[in-house]
Amino acid sequence: MTTLDTGRAAAPRVSFFNDPVIRGIIYQVVVAGLLVGFIAWIVGNTAANLAAQNKTTGFDFLWKTAGFDISFSLLPWSRGSFYWEAFLVGITNTLLVAFIGIILATMLGFTLGIARLSSNFIISRLATVYIETIRNIPLLLQLFFWYFAVLKAMPAVRESLALPFDIFINQRGLMVPRPTPDQEFAWVMITFGIAVVVATALSVWAMRTRTLTGHYPRQVVLAGKAADAFVTFLIAFAALLVLFAVIFPISNAPVLAAILAVLLAALSVTRFAALTRGVLSFVIAFLVLDTALGSMFSWLPSLFVTVLGAAVALVIARVVYTGALERPPSEARFPLALMAVIVIGAPALVYWLSGATLAFEVPVLQRFNFVGGLQLPPEFVALAFGLTIYTASFIAETVRAGIQAVNKGQTEAAQSLGLKEGDRLRLVIVPQAMRVIIPPLTSQYLNLTKNSSLGAAIGYPELVNVFAGTALNQTGRAIECIALTMLVYLIFSLLTSLIMNWYNARVSLVER
Amino acid sequence: MTDIGFVRADMVDAKPAPNRTSGAIAWAQKNLFATPLDGVLTVLGVVFLLWIVPPLYNFFIGHAVGPSGTVEECRMENAGACWAYISSEMEFFIYGFYDIPQQWRPNIVFALGAALLIPLLIPKVPFKRTNAVLFLFAYPVVSYFLLAGGVFGLMPIPTEKWGGLLVTLIISVVGITLSFPLGIILALGRQSKMPVIKTLCIGFIELVRAVPLISVLFMASIMLPLFMPQGMTIDKFLRALVGVTLFTSAYMAEVVRGGLQAIPRGQYEAGASLGLSYWQRMYFIILPQALKHVIPGIVNSFIALFKDTSLVYIVGMKDLLEAVKTKNDTALEWQSANTATTGYLFAAMVFWVFCFSMSRYSIFMERRLNTGYKR
């Protein structure tokens with residue numbers, strides 16, 4: 001062993017003020033000193049100002065009676081409630097609208113993001129126009145539009161717009177039926193929980209077996225076939241019943257529908273399963289198109305609509321039929337129908353056997369207003385709607401960027417392995433795209449939550465409105481109220497970044 | 001031979017060669033009817049367009065009441081947008097309560113701004129440095145004295161009277177020009193090796209980014225007066241400006257940090273080995289490269305700021321949105337079924353034009369500056 005002689009002389013002496021280390025310390029001391037001085041100045045000023053205005057400070061006001069009304073609350077609220085309860089009401093209202101907004105915006109945003117990448121010219125252009133229009137207009141303006149120009153222009157209570165399923169829209173908001181489950185209904189919910197667990201365990205076992213042996217377990221395949229036929233029967237029966245009872249009214253519609261449905265279900269277990277799918281998709285597409293076109297273009301003659309609907313439905317059916325011909329045999333497919341039968345069928349069976357009832361309290365128009373049901377105020381509807389529409393355009397861009405970030409070579413490699421479009425997306429593209437999509441997606445969720453504070457401008461009682469607005473004005477405790485409000489958002493944000501850091505560490509590429 | 005069910009055992013037949021590869025029919029085949037599913041989507045898309053376009057056309061143009069129309073026409077059954085309302089209230093939407101005989105002053109400010117900004121944005125025009133100095137330093141001073149008055153015999157006009165598009169543009173221009181350098185300083189501070197400065201910058205950036213702008217504005221408008229010495233009042237306009245600027249600078253800092261992190265270490269070291277000081281290194285070597293990387297992010301922050309100026313409405317400022325809303329609610333002589341809708345659509349169009357042109361400009365600049373990465 002030899003000692004290394006780098007031949008390097010000691011660093012040359014520099015003058016005291018040119019030494020970067022000492023300079024750094026001086027800078028920091030100066031900055032810290034300035035900051036401390038600034039804060040002391042602010043605190044002094046604030047104390048003097050508060051003393052001059054005869055205001056007290058402290059959080060004791062939280063335990064005083066609030067004495068104001070909150071128009072919409074999930075928690076029990078009365079004028080006699082305390083300020084800390086108002087704080088909680090604000091938080092729950094913020095979380096409620098954020099939760100609903102996030103779910104809807106995710107669905108709309110993913111659809112739009114994928115649509116914008118579609119090779120279909122019209123679809124991608126439609127998505128582009130939506131995204132470029134919506135994201136260049138301020139959210140507050142959109143909220144005003146929905147609230148003041150659309151919802152406030154809805155008909156008065158007596159002329160409410162009636163939608164299907166006993167839903168009504170009027171100036172005072174959206175009235176929807178409220179589910180009122182009875183005691184026995186708890187059993188249905190418990191069964192549902194058990195069924196979800198059973199189905200999950202079953203599918204994990206089936207997948208694992210297939211990974212090991214190349215085949216799904218024989219019992220699962222058999223049960224899956226039966227479930228397939230059963231689900232086919234149910235769907236066919238429902239679709240045909242509507243067709244024969246509503247569109248082409250004939251006598252004995254249920255009987256005919258049942259016979260045809262049984263035939264289709266029987267056909268679906270033979271090698272002509274593709275035919276079943278083709279016929280079913282024709283019927284369903286025709287039903288949807290006939291209804292939708294009929295109501296969209298009410299000025300067209302109904303015969304024309306029917307013929308047009310049938311023609312388009314025929315094309316759709318052909319697409320489904322060719323697709324179905326290419327489907328792998330049922331032995332090689334994941335038994336989705338079986339899982340559906342377990343998850344939905346078991347609770348339905350318990351519901352029927354136990355005699356539980358799930359009544360819906362329908363909103364009814366009384367003399368001056370609707371009574372009963374769940375009444376969503378227009379502020380809530382406008383805010384949730386506006387947040388969804390606005391955030392969806394940003395989520396769409398996130399999704400598009402994520403999908404485009406996946407190297408084209410991945411698509412080509414998957415194609416050369418012979419994977420089909422769906423498998424290629426599901427197994428190769430989406431898992432890699434998700435790694436890029438999820439972090440910005442989370443920050444969009446956070447943005448949506450923060451943007452829900454704009455509800456204050458249209459009178460939705462969320463946190464900023466209730467606490468940094470009404471409570472602040474009534475108590476005059478500006479510092480406390482704003483600090484608490486900001487603290488809540490800070491906690492949301494910190495929680496999100498914690499989760500994000502954990503996720504990023506989990507999914508990040510393991511490199512050399 | 002494998003017996004695994006989900007693996008294809010036989011080859012797929014080769015597809016026949018396409019008949020045409022160019023022309024309208026080939027284009028339609030490729031972009032509209034590539035697969036039967038595509039065909040269905042095309043048909044559904046066309047149906048959707050047929051459903052949505054005629055009513056929109058009728059509302060905006062077909063049945064709309066033109067700028068010279070009357071309120072009676074707007075109140076008629078089936079009338080579309082009431083553009084007459086917009087044209088008659090246009091002055092209010094642009095200037096707010098600014099005294100009408102004095103409106104030449106904001107006009108000069110607008111014209112000066114355009115005259116200085118447009119050459120700044122066109123890459124080929126010379127004298128960029130002079131132009132930038134004039135726009136960033138001389139123009140704000142001139143504009144302030146022109147708008148506020150009180151000197152050279154100009155009638156003083158308090159900021160409470162300013163309103164409409166004027167206020168929206170002032171807040172966004174000031175916010176953009178102030179938040180950009182502030183954001184750069186914060187980003188550099190966050191990269192700094194000095195723990196005190198680094199902690200301060202991280203704390204500020206993360207705190208501001210965690211809370212909604214509305215609460216920052218509330219804080220600026222309610223708490224700023226409390227923080228000042230007794231007897232000293234801060235103009236409401238200034239409070240909103242402070243709030244918007246601080247808020248945007250935190251976002252800007254994160255964007256700039258992204259650019260800084262994309263610069264390889266070697267660039268810093270090369271600068272240091274040339275004997276450049278920290279600020280010289282940043283100004284000549286690091287920032288020009290870093291900022292070029294993040295132009296889309298910077299412009300996105302500008303667009304976000306421009307849209308966010310509408311939030312000052314909540315703390316009682318009179319921007320374009322406030323002007324439109326006030327007129328919608330109070331202009332009884334223009335009351336009709338579509339007045340409010342028309343007003344908001346007009347405001348939306350104004351905001352859209354500004355934001356969309358900003359985003360197009362950023363794409364243009366991105367392409368222009370994309371040197372060295374071209375293949």
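Keep in mind that this is a model prediction, so the values were computed, not measured.

## Points about the overall build of chain B
Turning to step 1, where the next piece is worked out: Looking only at helices and strands, chain B has 15 helices and zero strands in total.
Turning to step 2, where the next piece is worked out: Its C-alpha atoms give chain B principal-axis dimensions of roughly 90 × 75 × 45 Å.
Turning to step 3, where the next piece is worked out: Every one of the 375 residues in chain B was classed for burial, and the buried ones make up 33%.
Turning to step 4, where the next piece is worked out: Sequence-distant contacts, at least 24 apart, represent 65% of the contacts inside chain B between residues at least 6 apart.

## Things to note about the overall build of chain A
Turning to step 1, where the next piece is worked out: Within chain A, the secondary structure is distributed over 16 helices and eight strands.
Turning to step 2, where the next piece is worked out: Against the compact-globule benchmark of 24 Å for 512 residues, chain A has a radius of gyration of 31 Å, which places it well outside the compact range.
Turning to step 3, where the next piece is worked out: For the C-alpha atoms alone, the extent of chain A along its principal axes is close to 95 × 90 × 50 Å.
Turning to step 4, where the next piece is worked out: The 512 residues of chain A split such that 32% are buried.
Turning to step 5, where the next piece is worked out: Look at the contacts in chain A between residues 6 or more apart in sequence, and 67% of them connect residues 24 or more apart.

## Concerning the sheet that holds strand β8 (residues 374-376) of chain A
Residue and element names in this part refer to chain A.
Turning to step 1, where the next piece is worked out: Read from one edge of the open sheet, four strands run β1-β2-β3-β8, paired in antiparallel fashion. The two strands at the open ends of the sheet, each matched to only one other strand, are β1 (161-163) and β8. Taken pair by pair, the neighbouring strands of this sheet meet at an average axis angle of 20°, ignoring direction.
Turning to step 2, where the next piece is worked out: Two elements, β1 and strand β2 (residues 167-170), share three bridges in a ladder whose sense is antiparallel. Following the sheet pairing, Leu161 is matched in β2 by Ile169.

## Some details on the environment of Gly402 of chain A
Turning to step 1, where the next piece is worked out: If you trace the backbone, Gly402 of chain A turns up in helix α11 (residues 378-405).
Turning to step 2, where the next piece is worked out: With near-sequence residues (within four places) excluded, Gly402 of chain A lies in contact with Ala433, Val436 and Ile437 of chain A.

## Quick notes on the nonpolar core
Turning to step 1, where the next piece is worked out: Grouped together as the largest cluster of nonpolar side chains are 174 residues, with contacts concentrated most on Leu140, Leu141, Leu143 and Phe467 of chain A together with Leu217 of chain B.
Turning to step 2, where the next piece is worked out: Among the elements that make up this core, the one with the highest residue count is α11 of chain A (14 residues).
Turning to step 3, where the next piece is worked out: The next biggest cluster of nonpolar side chains, apart from the first, holds ten residues, and it includes Val220, Ala227, Leu338 and Met339 of chain A.

## Remarks on the packing of helix α16 (residues 478-507) of chain A against helix α9 (residues 213-227) of chain B
Turning to step 1, where the next piece is worked out: As a packed pair, α16 of chain A and α9 of chain B sit with axes 10 Å apart at the nearest point and diverge in direction by 155°. Classified by the angle between their axes, α16 of chain A and α9 of chain B sit roughly antiparallel to one another. The chirality of how α16 of chain A crosses α9 of chain B is left-handed. Within the contact between the two elements, α16 of chain A uses Ala478, Ile479, Ile482, Thr485, Met486 and Tyr489 of chain A and α9 of chain B uses Ser215, Phe218, Met219, Ile222, Met223 and Leu226 of chain B.
Turning to step 2, where the next piece is worked out: Residues of the contact of α16 of chain A with α9 of chain B, tallied by class, amount to ten nonpolar, two polar and no charged.

## Concerning helix α15 (residues 463-475) of chain A
Turning to step 1, where the next piece is worked out: In terms of burial, α15 of chain A is largely enclosed, as ten of its 13 residues are buried.
Turning to step 2, where the next piece is worked out: In this structure, the buried side of α15 of chain A is in contact with α2 (83-116), α14 (455-458) and α16 of chain A together with α9 of chain B.
Turning to step 3, where the next piece is worked out: Just downstream of α15 of chain A lies Gly476 of chain A, where phi reads positive at about 75°.

## Observations regarding the interface of chain A and chain B
Turning to step 1, where the next piece is worked out: At the interface, 60 residues of chain A touch 55 residues of chain B.
Turning to step 2, where the next piece is worked out: Of all elements in the fold, only α1 (20-52), α3 (121-134), α4 (139-151), α9 (302-326), α13 (421-451), α14, α15 and α16 of chain A reach the threshold of two or more residues within the side of chain A that touches chain B.
Turning to step 3, where the next piece is worked out: Sorting elements by how many residues they give to the side of chain A that touches chain B places α1 of chain A first, with twelve residues.
Turning to step 4, where the next piece is worked out: Class assignment for the residues of the side of chain A that touches chain B results in 39 nonpolar, 17 polar and four charged.

## Here we look at the domain arrangement of chain A
Turning to step 1, where the next piece is worked out: Here chain A is described as being made up of domain 1 (19-52), domain 2 (83-157 + 377-507) and domain 3 (230-333).
Turning to step 2, where the next piece is worked out: When each unit is reduced to the centre of its C-alpha atoms, the spacing between domain 1 of chain A and domain 2 of chain A is 39 Å.

## Overview of the confidence of the model for chain B
Turning to step 1, where the next piece is worked out: On average, residues of chain B score 84 in pLDDT, and 97% of them are at 70 or above.
Turning to step 2, where the next piece is worked out: Taken together, the chains of this predicted complex give a pTM of 0.83 and an interface ipTM of 0.86.

## Overview of the domain arrangement of chain B
All names here are of chain B.
Turning to step 1, where the next piece is worked out: Here chain B is described as being made up of domain 1 (24-62), domain 2 (82-96 + 323-369), domain 3 (99-156) and domain 4 (168-317).
Turning to step 2, where the next piece is worked out: Taken together, the contact pairs nine residues of domain 2 with eight residues of domain 4.
Turning to step 3, where the next piece is worked out: Here the residues of the side of domain 2 that touches domain 4 are counted per class, giving six nonpolar, two polar and one charged.

## Considering the pairing of β2 of chain A
Residue and element names in this part refer to chain A.
Turning to step 1, where the next piece is worked out: Going residue by residue along β2, you find Phe168 and Asn170 tucked away on one face and Ile167 and Ile169 left uncovered on the opposite face.
Turning to step 2, where the next piece is worked out: Taking the residues that link successive antiparallel strands as the turn, the β1-β2 hairpin has three residues, and the phi of Phe165 there is positive, at about 60°.
Turning to step 3, where the next piece is worked out: Across three bridges, the pairing between β2 and strand β3 (residues 173-176) is antiparallel. Residue Phe168 lies in a different strand from β3, and its bridge partner there is Met175.
Turning to step 4, where the next piece is worked out: Turn length for the β2-β3 hairpin, with the two strands adjacent in sequence and antiparallel, is two residues.

## Topic: the packing of helix α5 (residues 104-121) of chain B against helix α6 (residues 128-148) of chain B
Packed helices, taken two at a time, are described by the angle their axes make and the gap between the axes.
Residues and elements named next belong to chain B.
Turning to step 1, where the next piece is worked out: At a closest axis distance of 10 Å, the pairing of α5 and α6 adopts a crossing angle of 170°. Viewed along their axes, α5 and α6 adopt a mutual orientation that is roughly antiparallel. Contact residues: α5 offers Arg105, Pro106, Ile108, Val109, Leu112, Gly113, Leu116, Leu117, Pro119 and Leu120, while α6 offers Lys128, Asn131, Ala132, Leu134, Phe135, Tyr139, Val142, Ser143, Leu146 and Leu147.
Turning to step 2, where the next piece is worked out: Looking at side-chain class alone, the contact of α5 with α6 contains 15 nonpolar, three polar and two charged residues.

## Thoughts on unusual backbone geometry
Residues and elements named next belong to chain B.
Turning to step 1, where the next piece is worked out: Its identity as a non-glycine residue notwithstanding, Phe127 has a phi of 60°, on the positive side.
Turning to step 2, where the next piece is worked out: Residue position: Phe127 is located in the loop between α5 and α6.
Turning to step 3, where the next piece is worked out: According to the C-beta neighbour criterion, Phe127 is exposed, with 11 such atoms within 10 Å.

## Description of helix α8 (residues 195-210) of chain B
Residues and elements named next belong to chain B.
Turning to step 1, where the next piece is worked out: Under the 1.5 Å per step criterion, the end-to-end length of α8 is 22 Å for 16 residues, consistent within 8% with the ideal 22 Å.
Turning to step 2, where the next piece is worked out: For α8, every residue scored as buried is listed here: Cys201, Ile205 and Ala210. One side of α8 carries all its buried residues, which in axial view fall inside an arc of 145°. Turned more than 90 degrees away from the buried face of α8, the exposed residues are Pro195 and Gly203.

## Thoughts on the environment of Ser22 of chain B
Turning to step 1, where the next piece is worked out: Mapped onto the elements, Ser22 of chain B comes out in the segment before α1 (24-31).
Turning to step 2, where the next piece is worked out: For the pair formed by Ser22 of chain B and Asp99 of chain B, sequence separation is 77 residues and the distance between their alpha carbons is 62 Å.

Cut-offs used in this document
Residues numbered from 1 in each chain as written. Chains lettered and ligands numbered in written order. Predicted model: local features only at pLDDT ≥ 70, side-chain atom pairs only at ≥ 80, totals over all residues. Helix = DSSP H or I, 4+ residues; strand = E, 2+ residues; numbered from the N terminus. Buried ≥ 20, exposed ≤ 12 C-beta atoms within 10 Å, placed from the backbone. Contact = placed C-beta atoms within 7 Å. Rg over C-alpha atoms; globule rule 2.2 N^0.38 Å. Pairing = 2+ DSSP bridges. Axes fitted to C-alpha atoms, helices over the stretch in contact; angles between N-to-C directions. Core = buried A, V, L, I, M, F, W, Y, C linked by C-beta atoms within 7 Å. Parallel < 35°, antiparallel > 145°, perpendicular 65-115°, else oblique. Left-handed = near helix turned anticlockwise from the far one by under 90°. Nonpolar A, V, L, I, M, F, W, Y, C, P; charged D, E, K, R; others polar. Domains from an automatic or database assignment. pLDDT = per-residue confidence, 0-100. Expected span 1.5 Å × (residues − 1). Arc of directions from axis to C-beta.

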